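# Structure at a glance
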Amino acid sequence: MCGIVGYTGHVQAAPVLMDGLERLEYRGYDSAGICVSDGDAAHPLKALRVKGRLSALREASENGKAVPGLSGIGHTRWATHGEPTVENAHPHLSGGKVAVVHNGIIENYAELRVKLQGRGYVFESETDTETIAHLLHYYDHGDPVDAIVRTVMHLKGSFALGILFEERPGEVYGIRRDSPLIAATSPEGSFIASDVPAILPWTRNVAYLENMEIVRLSPEGITFFNLDGEPIEKEFTTVSWDVEAAEKGGYAHFMLKEIHEQPKAMEDTIRPHIRDGRIVMDELGMSDDEIRGIRHIQMAACGSAWHVCMTAKYIMERMARIPVDVDLASEFRYRDPVLEEGTMLMVVSQSGETADSLAALRYGKQQGMLSLAIVNVVGSSIAREADRVFYTAAGPEIAVATTKAYSTQLAACVMLALHFGRIRGVVDDDTYAAHVEALLKMPEQIREILRGEARMQWLAGKYANTRDAFFIGRGLDYASVLEGALKLKEISYIHAEAYAAGELKHGTISLIEKGSMVLAVATQKDLMEKEVSNMVEVRARGGTLLALTMEGNYDMEDQADFTIYVPRTEDVLYPNLVVVPLQLLAYYVSLSRGIDVDKPRNLAKSVTVE
Ligand code: AGP
């Protein structure tokens, strides 16, 4: 997520802005910038922007001396639309009259861009944010609040904005929808920010803006407005968090924060790709003929991303009827694979920098394959080197154990499979519509699961001292338990194995003894009966059985010692739901074992060595 800071008061603004942005660095960013009003309404606004770290901004601004002024806005950018470059860095300006910084995703920016170009605006960046700057300029007739209201009426998607108007030196404006924005006041002046850490050194006196509320900072203080332009009263609260807790949004760990960010990450990944009931993949730049020409898909990834590929195999073969092979990226190029004409290589990677996955991509391209990457970090190596890229919109993921990036990758694979299936004429309209509807319901269903968090915490306490854990499932549930076992292993250090439920009896069941913890995921209706028989086998040998299944499948309670339910959905979307209880189980087991959940031993967030 991007970081926003705005300030006006009676000390120089630039140092205040850069200090505030530094306290938002944990959010991840790839470029930064500030715009400071020097107080003279006749002087056009100018932005100072850099690619890379804030230290470069400090240097370019001579630690603020080169940009004098008592009011301004600042931004650290996590790229979503357009690579990390100076041109794409915020603030974005329009005619030197308006400057804006933005956190969020404007879903209809492409059509707004065309309309604004038609009104003579010339765009300098690839960003969705620049459309906001030009809209504000277009509607600025001397009343900033009115210009803001008119502008946001045209925006679809999420935004938190910090805004300067040339003719209003000393004033800073803000508004939000679905991206956080706070306002704060102190003896030195008043602030807006994406998050509390930015303003903690100055004040703990904070107001949280609600959706579509407008804030004006001025030397006289803070005023809030509604969309009718009427002043409104807002309650200020005192923040008790320390800086570290504030960076985690009040959650104990980044992992828990990111588990809870999944509904929004899913909304940000799904919504821009569904328009009028249709999945839209324009960004891939793949023609229908190109999609019809795919004869085989070869997938390669590591760790959790490999689990995404294992899931995608079932989904792509079922929905698009395209044969799929999946390899561990570290194995793929060494097995001298036979790659037929018409094979497309798909690489999945959150960081886009995993050495094995990057090497697999390069190998596939050397073999002449068309490559498609599903990546979370814009401008990363894999994103830049792949022929086609689908960007997930999970935002920066700080915890080593992936959660929201994994979930958005799964959603990407479902959308790709449906898109390919429809174009190849193998998905009927009813099936397509049902799955699009199910995708759109997914974020709220994840919120519903998260409301049952306390139950998973209680369950984790019961099994925190287990020595071995077995995760079993059939079909898509097998792909899901691969991820469940890894989550538990990597953050609790408990030995956990994932098994295709039908495979257990071919050897490993000899390990099942009284008290062995076995977690069975059972959501695939056509495989339910067989999976239940595997569960019976486990219990007959004294295993303690946890079942994870869909609501309504209450017979499961006859087979299991403990049953966890997820809302009902389409078969291919259950992996997106069952992973949430599995993440929570692993998190709370790790917590109860006193382990550093965000930084487990021996692990790195991105494995950039082979
Ligand atoms: C996930 O919890 C692990 N930390 C790890 O398996 C990770 O998924 C793997 O290293 C791949 O990373 P990538 O998605 O950035 O390529």
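Please refer to the structure higher up on the page.
Nothing here was measured: the structure is a model prediction, and the numbers come from that model. (Residues numbered from 1 in each chain as written. Predicted model: local features only at pLDDT ≥ 70, side-chain atom pairs only at ≥ 80, totals over all residues. Heavy atoms only, no water.)

### Some remarks on the pairing of strand S10 (residues 189–193)
Our working rule: Three exposure classes are used, based on accessible area relative to the maximum for each residue type with a 1.4 Å probe and protein chains only: buried under 20%, partly exposed in between, and exposed over 50%. Under the scheme used here, helices are H or I runs from DSSP no shorter than 4 residues and strands are E runs no shorter than 2 residues, and both carry numbers assigned from the N terminus. Strands pair, by our definition, only if DSSP identifies at least two bridges between them.
For S10, a buried count of five out of five residues is recorded, marking the element as mostly surrounded by other parts of the structure. Here strand S1 (residues 3–9) runs beside S10; their pairing, made up of five bridges, is antiparallel. In the sheet register, Val5 faces S10, and the bridge partner there is Ala193. Where strand S9 (residues 182–186) meets S10, five bridges bridge the pair, whose relative direction is antiparallel. Along S10, the bridge assignment pairs Ala184 with Phe191. Hairpin connection between S9 and S10: a loop of two residues separates the two successive antiparallel strands.

### Considerations on the environment of Ala460
In plain terms, the rule: The contact definition used throughout considers only heavy atoms, calling two residues in contact when any of these lie within 4.5 Å.
Here Ala460 is to be found in helix H16 (residues 453–463). You can call Ala460 buried: its relative accessible area is 0%. Distance in space between the C-alpha atoms of Ala460 and Ile279 is 38 Å, their sequence separation being 181 residues. Sequence-distant contacts of Ala460, defined by excluding residues within four places in its chain, comprise Leu585, Tyr588 and Val589.

### Quick word on the site of the ligand
In plain terms, the rule: What makes a residue near a molecule or strand is one non-hydrogen atom of that residue sitting within 4 Å of it. Whenever two N or O atoms come within 3.5 Å, that pair is a polar contact, provided that in protein one can donate a hydrogen and the other can accept it, and provided that, for residues adjacent in sequence, both atoms are side-chain atoms. Areas reported as accessible are Shrake-Rupley estimates using a 1.4 Å probe. Residue values count occlusion only from the protein chains shown.
As a structural note, the neighbourhood of the ligand is formed by 14 residues, with Ser349, Gln350, Ser351, Thr354 and Glu490 the closest of them. A distance of 2.7 Å separates an oxygen atom of the ligand from a polar backbone atom of Gln350. Here an oxygen atom of the ligand and a side-chain polar atom of Thr354 are 2.5 Å apart. Taking 410 Å² as the accessible area of the ligand by itself, protein coverage stands at 91%. Contributions of two or more residues to the shell around the ligand are made by helix H10 (303–320) and helix H17 (476–492).

### Comments concerning the state of the cysteines
Our working definition: By definition, disulfides here are pairs of cysteine sulfur atoms that lie within 2.5 Å.
Scanning the model with the defined rule gives zero disulfides in all. Here Cys2 stays free of any disulfide, with the sulfur of Cys35 as its closest cysteine sulfur at 17 Å. For Cys2, a relative accessible area of 7% puts it in the buried group. Between Cys309, a free cysteine, and Cys413, which holds the nearest cysteine sulfur, the sulfur-to-sulfur gap is 6.8 Å.

### With respect to the packing of helix H4 (residues 129–139) against helix H5 (residues 144–152)
The test is simple: Axis geometry follows a simple rule: fit a line to the C-alpha atoms, using only the stretch in contact for helices, then measure angles between N-to-C directions, giving values from 0 to 180 degrees. For classification, angles of less than 35 degrees are called roughly parallel, those exceeding 145 degrees roughly antiparallel, those between 65 and 115 degrees roughly perpendicular, and all remaining angles oblique. Handedness of a crossing is defined here by the sense of rotation of the near helix relative to the far one, left-handed for an anticlockwise turn of less than a right angle and right-handed for a clockwise turn. In this classification, Asp, Glu, Lys and Arg are treated as charged, Ala, Val, Leu, Ile, Met, Phe, Trp, Tyr, Cys and Pro as nonpolar, and every other residue, Gly included, as polar.
It is the contact of H4 with H5, at a shortest axis distance of 8 Å, that shows an interaxial angle of 130°. Regarding the angle of H4 to H5, the classification is oblique. Helix-helix and strand crossings are classified by hand; for H4 and H5 the assignment is right-handed. For the pair H4 and H5, the contacting residues are Ile132, Leu135, Leu136 and Tyr139 in the first and Asp146, Ala147, Ile148, Arg150 and Thr151 in the second. Of the residues contributing to the contact of H4 with H5, the split by class is six nonpolar, one polar and two charged.

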